[in-house]
Amino acid sequence: MDRLLVAYYWYVLPIVCEILFMSSAVWDATNYQEQFDYVWQYGESLISQLAPQAGERILDLGCGTGQLTQAIATHGSIALGIDSDPAMIAQAKANYPSLSFWTDSADSFQLSVPVDAVFSNAVLHWVSEAEAAVEHIVEALKPGGRLVAELGGKGNVQTILTALEEVSGEANLNPWYFPGLGEYVALLEAAGLSVTYAHIFDRPTPLGASGLAGWLTMFGQRFFQHLSAEEWTRLVRQVETKVPQLYQDGVWVADYRRLRVIAIKV
Ligand code: BEZ
């Protein structure tokens, strides 16, 4: 009996805990792919700015379920994708088995062979260690290589955030990194990049069939793990009633503000 207990505490319990932790930490990749396709559809115009060339090695940093990695590969480039979430990587591999995907974090990844370009769409605002991410990007680039990235800029989804803060009673809630243009350019330059393009702009974004509730649940619920399902649903409804101006012609439209940059490793 004692041995059974020891085995339970040493071997079984840690595995159960890890499974429970993983299931709360990973994204719902299937739901993401089906309901949030606008994320990579908007990213397609960023690929035009990347202008991938045949034979170039290009890293898609935060590739999610791989749609933009595949779009880069259609230009004849050698496209690689990394994402910190194993569920996203599993889905990306299932979607595009001929491409290389692996799990890695933006603030600590390293490549054995440097790339011609690092591409990143709607990911860097999830990385609180922004300086570390930029350092690893610079290290991953060949001299003359380019970073082409879009992230949420200062003021991104501010209407939603303010409502969320008011309803939850949590001040300064913003769990994301939404830098101003000058701040981000300075960060890139300090890391040894020469910034050739930087633009911050409003991009009101229709949230698709799952609406504001679906958006909040996919991207925000992880920060409210202490709430029960019923409490979360109530909070979401309260947020909705706070921001009727975002409900336009039968569609929820989020007040996205984007920051786009192109920078060269000197
Ligand atoms: C964005 O793409 O700007 C974004 C998405 C989810 C949460 C926060 C920001």
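Our structure's up above, just so we're on the same page.
Cut-offs and rules
Residues numbered from 1 in each chain as written. Predicted model: local features only at pLDDT ≥ 70, side-chain atom pairs only at ≥ 80, totals over all residues. Heavy atoms only, no water. Pairing = 2+ DSSP bridges. Helix = DSSP H or I, 4+ residues; strand = E, 2+ residues; numbered from the N terminus. Axes fitted to C-alpha atoms, helices over the stretch in contact; angles between N-to-C directions. Contact = heavy atoms within 4.5 Å. Near = heavy atom within 4 Å. Polar contact = N/O pair within 3.5 Å; in protein donor to acceptor, adjacent residues only side chain to side chain. Areas by Shrake-Rupley, 256 points an atom, 1.4 Å probe, with all protein chains shown as cover. Nonpolar A, V, L, I, M, F, W, Y, C, P; charged D, E, K, R; others polar. Salt bridge = Lys/Arg side-chain N within 4 Å of Asp/Glu carboxyl O. Buried < 20%, exposed > 50% of the residue type's maximum accessible area, 1.4 Å probe, protein only.

Some remarks on the sheet that holds strand β3 (residues 100–103)
Ordered by their spatial adjacency, seven strands build an open sheet running β3-β2-β1-β4-β5-β10-β6, and the pairing between neighbours is mixed. Each of the sheet's edge strands pairs with one partner strand only, and the pair in question is β3 and β6 (193–202). Neighbour-to-neighbour, the strand axes of this sheet turn through a mean angle of 15°, independent of strand direction. Helix α3 (residues 38–50) contacts β1 (57–61), β4 (115–121), β5 (141–152), β6 and β10 (257–265) of the sheet and is inclined by roughly 150° relative to β4. Sitting on the sheet, helix α8 (residues 181–190) touches β5, β6 and β10, and the angle it makes with β6 is about 160°.

Re the site of the ligand
Taken together, His125, Trp126, Asn156, Trp176, Phe178, Trp215, Phe219, Tyr256 and Arg258 are the residues near the ligand. The side chain of Asn156 places a nitrogen or oxygen atom 2.7 Å from an oxygen atom of the ligand. Contact with the protein chains hides 96% of the accessible area of the ligand, taken as 260 Å² for the molecule alone. Looking at the shell around the ligand residue by residue, the class counts come to six nonpolar, two polar and one charged.

Observations regarding the pattern of salt bridges
A complete count under the given rule lists eight salt bridges for this structure. Its salt-bridge partner being Arg203, residue Glu150 comes within 3.2 Å of it at the nearest N-O pair. Highlighted residues: Glu150 in strand β5 and Arg203 in the loop between β6 and β7 (205–206), separated in sequence by 53 residues. Each of the two residues, Glu150 as well as Arg203, counts as buried. With its nearest N and O atoms 2.6 Å apart, the salt bridge here joins Glu150 to Arg260. Within this pair, whereas Glu150 is found in strand β5, its partner Arg260 is found in strand β10, the two being separated by 110 residues in sequence. A relative accessible area of 1% places Glu150 in the buried class. Exposure remark for Arg260: the relative accessible area of 8% places this residue in the buried category. Among the ionic contacts, a cluster of salt bridges with common partners joins Glu150, Arg203, Arg258 and Arg260.

Structural measurements only, silent on function.
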